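Structure assessment
In case you want the letters, here they are:
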Amino acid sequence: MDVFSNLLAFSFWEKFANTHGMLAMLSLILFGSGIVLYFAARKSDDFIRWLKTSLMFLFANLVLLDILGLTVYIPYRAEDGPRSLLKASEATAWLHSDIFEHKEFLAFAPMILILVAFIVVSILGKNFNNDRVSTLRKSVIFSLILALIFVLIVAAEGVMVTKAAPVS
């Protein structure tokens with residue numbers, strides 16, 4: 001029971017930031033399912049629908065993740081907030097000016113990549129395994145892997161900034 005009372009003791013913004021982090025972890029599970037289902041769909045057309053559904057959930061997760069990330073930016077930018085703390089010291093200013101700014105813009109790329117993968121799978125449908133569309137089919141796994149790499153980079157950058165100046 002102490003665990004629950006300690007979790008409830010977090011401030012609103014700490015809970016919000018933790019929810020944002022949990023959505024990032026969920027995205028990793030969805031990336032894994034998307035990659036597995038891509039290769040399963042190559043062996044059997046029965047998995048194409050599952051791949052499309054997985055990509056749809058991954059896209060929705062990434063949209064929600066970006067919305068929560070933009071929302072948690074409110075306390076980050078607040079006067080005397082984490083951004084002010086980072087910029088106040090020459091030793092940590094780079095965490096905002098380089099790392100956070102990079103994270104802020106890179107976070108939108110995975111969402112677009114997964115949307116494109118979803119559209120490609122949706123349009124190809126039962127023709128997904130047709131050799132005439134192999135380039136389009138390969139674009140799906142390329143999008144999944146590149147988006148996963150971007151999400152891992154953004155998550156690592158988020159952790160770096162949060163460890164130096166947590167949102168409270």
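Here, the structure is the one placed above.
Per-chain numbering applies: the sequence of each chain, read as written, is numbered from 1 onward. Reporting of local features is limited, given that this is a predicted model, to residues whose pLDDT is at least 70; pairs of side-chain atoms are given and counted only at 80 or more, and all residues count toward the totals for whole chains, interfaces and linings. Only heavy atoms go into the side-chain values, all of them from the structure, while hydrogens and water stay out.

Quick word on the packing of helix 2 (residues 12-43) against helix 7 (residues 134-164)
The description of two packed helices rests on the angle between their axes and on the distance between the axes. Axis definition: a line fitted to C-alpha atoms, over the contacting stretch in the case of helices. Angles run 0 to 180 degrees between N-to-C directions. Helix and strand definitions here come from DSSP, where helices need a minimum of 4 consecutive H or I residues and strands a minimum of 2 consecutive E residues; each element is numbered from the N-terminal end. Relative to each other, helix 2 and helix 7 sit at 160°, their axes nearing to 10 Å. The angle between helix 2 and helix 7 falls in the class roughly antiparallel. Crossing geometry of helix 2 relative to helix 7 is assigned as left-handed. Judged by residue contacts, Ser27, Leu28, Phe31, Gly34, Ile35, Tyr38, Phe39 and Arg42 of helix 2 engage Arg137, Lys138, Val140, Ile141, Leu144, Ile145, Ala147, Leu148, Val151 and Leu152 from helix 7. All residues other than Ala, Val, Leu, Ile, Met, Phe, Trp, Tyr, Cys, Pro, Asp, Glu, Lys and Arg, Gly among them, are scored as polar; the first ten of these are nonpolar and the last four charged. Class assignment for the residues of the contact of helix 2 with helix 7 results in 13 nonpolar, two polar and three charged. Any angle that falls under 35 degrees is termed roughly parallel, while one over 145 is termed roughly antiparallel, one within 65 to 115 roughly perpendicular, and all others oblique. Each crossing is labelled by how the near helix is turned from the far one, with a counterclockwise turn of less than a right angle marking it left-handed and a clockwise turn marking it right-handed. Note on definitions: a residue-residue contact is assigned when non-hydrogen atoms from the two residues lie within 4.5 Å.

Observations concerning the nonpolar core
In this structure, Phe128 and Val140 are the most contacted members of the largest nonpolar core, which totals 35 residues. What phenylalanine 128 contacts, discounting residues up to four positions off in sequence, is Tyr38, Ala41, Arg42, Ile48, Leu51, Val121, Val133, Arg137 and Val140. Definition used in this section: a nonpolar core is a set of buried Ala, Val, Leu, Ile, Met, Phe, Trp, Tyr and Cys residues joined via side-chain atoms within 4.5 Å. When a residue's accessible area, from a 1.4 Å probe over protein chains only, is under 20% of the maximum for its type it is buried; when over 50% it is exposed; and in between it is partly exposed. The next biggest cluster of nonpolar side chains, apart from the first, holds eight residues, and it includes Tyr76, Leu95, Phe100 and Val161.

Re the layout of surface pockets
Its boundaries defined by the atoms lining it, the largest pocket holds a volume of some 920 Å³. Lining the largest pocket are 35 residues, and of these Ala17, His20, Lys103, Gly158 and Thr162 sit closest to its centre. When residues of the lining of the largest pocket are traced back to their parent elements, those giving at least two are helix 2, helix 3 (48-77), helix 5 (93-106), helix 6 (109-124) and helix 7. When its residues are assigned to classes, the lining of the largest pocket shows 24 nonpolar, six polar and five charged. Definitions used for this entry: grid spacing 1 Å over protein atoms alone; cavity, a set of points where a 1.4 Å probe fits but cannot get out; pocket, an open set with protein on both sides within 12 Å along at least 5 of 7 lines; lining residue, one with an atom within 4 Å of a point. Grid points are joined across faces, edges and corners, and a volume is the space filled by probe spheres set on the points.

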